[in-house]
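Chains, contacts and geometry: an overview
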Amino acid sequence: MGYADLHIHSTYSPDSASTVRAILKQATDAELDIIAVTDHDNIRGSLEARDLAPQFGIESIPGVEVSTAEGHVIGLFIEAMPPVGASLHDTLVFIGKHGGTAIIPHPFTNLPGSLSMESVLKALASPATKSIVRGIETHNLGTMSFNGVAQKLSIYLPLARIGASDSHVYWTIGHARTEFPGRTALDLREALNRNTTVPILDEDKFTPRIFLSWFRYMILRRLGYATDTHSAAQPVNTQRMTKSFLMKMKKR
Ligand SMILES: [Zn+2]
Ligand SMILES: [Zn+2]
């Protein structure tokens, strides 16, 4: 069996302070086989993670959490950035055209960014998009109080059930995860298609500490700091750091 955390935010999201390297290190410590860095409307962190992941002994699937006119959707296995603010239908068509597959994150809540049941049913009824949507988060660590609704309604949907941390603080990575037969990204994709995933959430890990920690990291981030190691938040010019990573990758 393999374990994947398919919803993680890096410094490419305005509301996370975890660098891609801190994410990969934590994912290794959490004994995950697969991760996906899925930043808000930005695919660059996931491409960086995909390139760096082999150094950490894991696989990172390229992807993004894109804001559609109806709410957030996660595109996985794509390397092109979908247009932001388009309809859910057009966004899914884009993801499909670029060889990707989609997961519905934190569904059926009143929170901003949450897709409604009506939107999801519409996507599943359309011949153009029904085979592109493959999974639904039933165990999101960040929106845990709403998971019950997603779990009850997902029974009626032909979608693989996903556990994901929706991590904005690196140490929550892996506290919600998806179990799947096999170990590789290809195995995971097969499991999404066959609906054989098992969502897992460590309930005892959901504490106010997550929010307190997030606030602390957000204040640090405003001051120009990012969490690049486990021991401390270090001053990092994230833009410059990313450029140097890309240059290093190019030199190989
Ligand atoms: Zn979201
Ligand atoms: Zn998210």
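Small disclaimer: the values here were computed from a predicted structure and weren't measured.

This part takes up the overall build of the protein chain. A count of helical and extended segments in the protein chain gives eight helices and 12 strands. Each of the three principal axes of the protein chain carries a C-alpha extent, and together these read 50 × 40 × 35 Å. Classification of the 252 residues of the protein chain by burial places 49% in the buried group. Residue pairs in contact within the protein chain that sit at least 24 positions apart in sequence constitute 65% of those at least 6 positions apart.

Moving on, we get to the sheet that holds strand 4 (residues 63-67). Taken together, five strands build an open sheet; the order of strands is 4-5-6-7-8 and the sheet is mixed. In this open sheet, the two strands that pair with only one neighbour each are strand 4 and strand 8 (160-164). Within this sheet the neighbouring strands show an average axis-to-axis angle of 35°, counted without direction. Judged from the three bridges that link them, strand 5 (residues 72-76) and strand 6 (residues 101-104) form a sheet pairing that is antiparallel. Each residue of the ladder has a partner; that of Ile 74, found in strand 6, is Ile 103. Against the sheet, helix 3 (residues 88-97) contacts strand 4, strand 5, strand 6 and strand 7 (133-140), and its axis sits at roughly 10° relative to strand 5.

Judged by nonpolar contacts, the single largest core of 60 residues is most densely connected at Ala 4, Ile 23, Ile 34, Ile 35, Ala 102 and Ile 103. A per-element tally of this core places helix 1 (residues 20-29) first, with five residues. Ignoring any residue separated from it by four or fewer positions in sequence, one finds Ile 35 in contact with Ala 4, Asp 5, Ile 8, Ile 23, Ala 27, Ile 58 and Ser 60.

Our focus in this paragraph is the packing of helix 1 against helix 2 (residues 44-56). The geometry of helix 1 relative to helix 2 is characterised by a closest axis approach of 9 Å and an angle of 45° between their N-to-C directions. The angle between the axes of helix 1 and helix 2 places the two elements in the oblique class. The two elements helix 1 and helix 2 meet at a crossing, and its hand is right-handed. Here Val 20, Arg 21, Ile 23, Leu 24, Lys 25 and Thr 28 of helix 1 lie close against helix 2, whose contacting residues are Gly 45, Glu 48, Ala 49, Leu 52, Ala 53 and Phe 56. Split into classes, the residues belonging to the contact of helix 1 with helix 2 amount to seven nonpolar, two polar and three charged.

Quick look at the pairing of strand 6 now. Neither face of strand 6 is open: one carries Thr 101 and Ile 103, the other Ala 102 and Ile 104, and all of them are buried. Strand direction decides the pairing type here: strand 6 and strand 7, joined by three bridges, are parallel. Within strand 7, the position partnered with Ile 103 by the bridge is Gly 135. Traced from strand 6 through helix 4 (residues 117-125) to strand 7, the parallel crossover comes out right-handed.

A separate point is the environment of Leu 76. If you trace the backbone, Leu 76 turns up in strand 5. Sequence spacing of Leu 76 and Val 37 is 39 residues, and the spatial spacing of their C-alpha atoms is 9.4 Å. Sequence-distant contacts of Leu 76, that is, excluding residues within four places in its chain, are made with Leu 6, Ala 36, Ile 61, Gly 63, Gly 100, Thr 101 and Ile 103.

Residue-level pLDDT values for the protein chain average 89, and 90% of them are 70 or greater. Low pLDDT, under 50, characterises residues 231-252; the predicted model gives this stretch 20 contacts beyond four residues in sequence or across chains.

Moving on, we come to the pairing of strand 5. Within strand 5, five of the five residues are buried, which leaves the element mostly enclosed by the surrounding structure. Along strand 5, one buried face is formed by His 72, Ile 74 and Leu 76 and the opposite face, lined by Val 73 and Gly 75, is buried too. The hairpin turn running from strand 4 into strand 5, its antiparallel successor, is four residues long, and Gly 71 in that turn takes a positive phi close to 150°.

How each quantity is defined
Residues numbered from 1 in each chain as written. Chains lettered and ligands numbered in written order. Predicted model: local features only at pLDDT ≥ 70, side-chain atom pairs only at ≥ 80, totals over all residues. Helix = DSSP H or I, 4+ residues; strand = E, 2+ residues; numbered from the N terminus. Buried ≥ 20, exposed ≤ 12 C-beta atoms within 10 Å, placed from the backbone. Contact = placed C-beta atoms within 7 Å. Pairing = 2+ DSSP bridges. Axes fitted to C-alpha atoms, helices over the stretch in contact; angles between N-to-C directions. Core = buried A, V, L, I, M, F, W, Y, C linked by C-beta atoms within 7 Å. Parallel < 35°, antiparallel > 145°, perpendicular 65-115°, else oblique. Left-handed = near helix turned anticlockwise from the far one by under 90°. Nonpolar A, V, L, I, M, F, W, Y, C, P; charged D, E, K, R; others polar. Right-handed = clockwise from strand over helix to strand, strands pointing away. pLDDT = per-residue confidence, 0-100.

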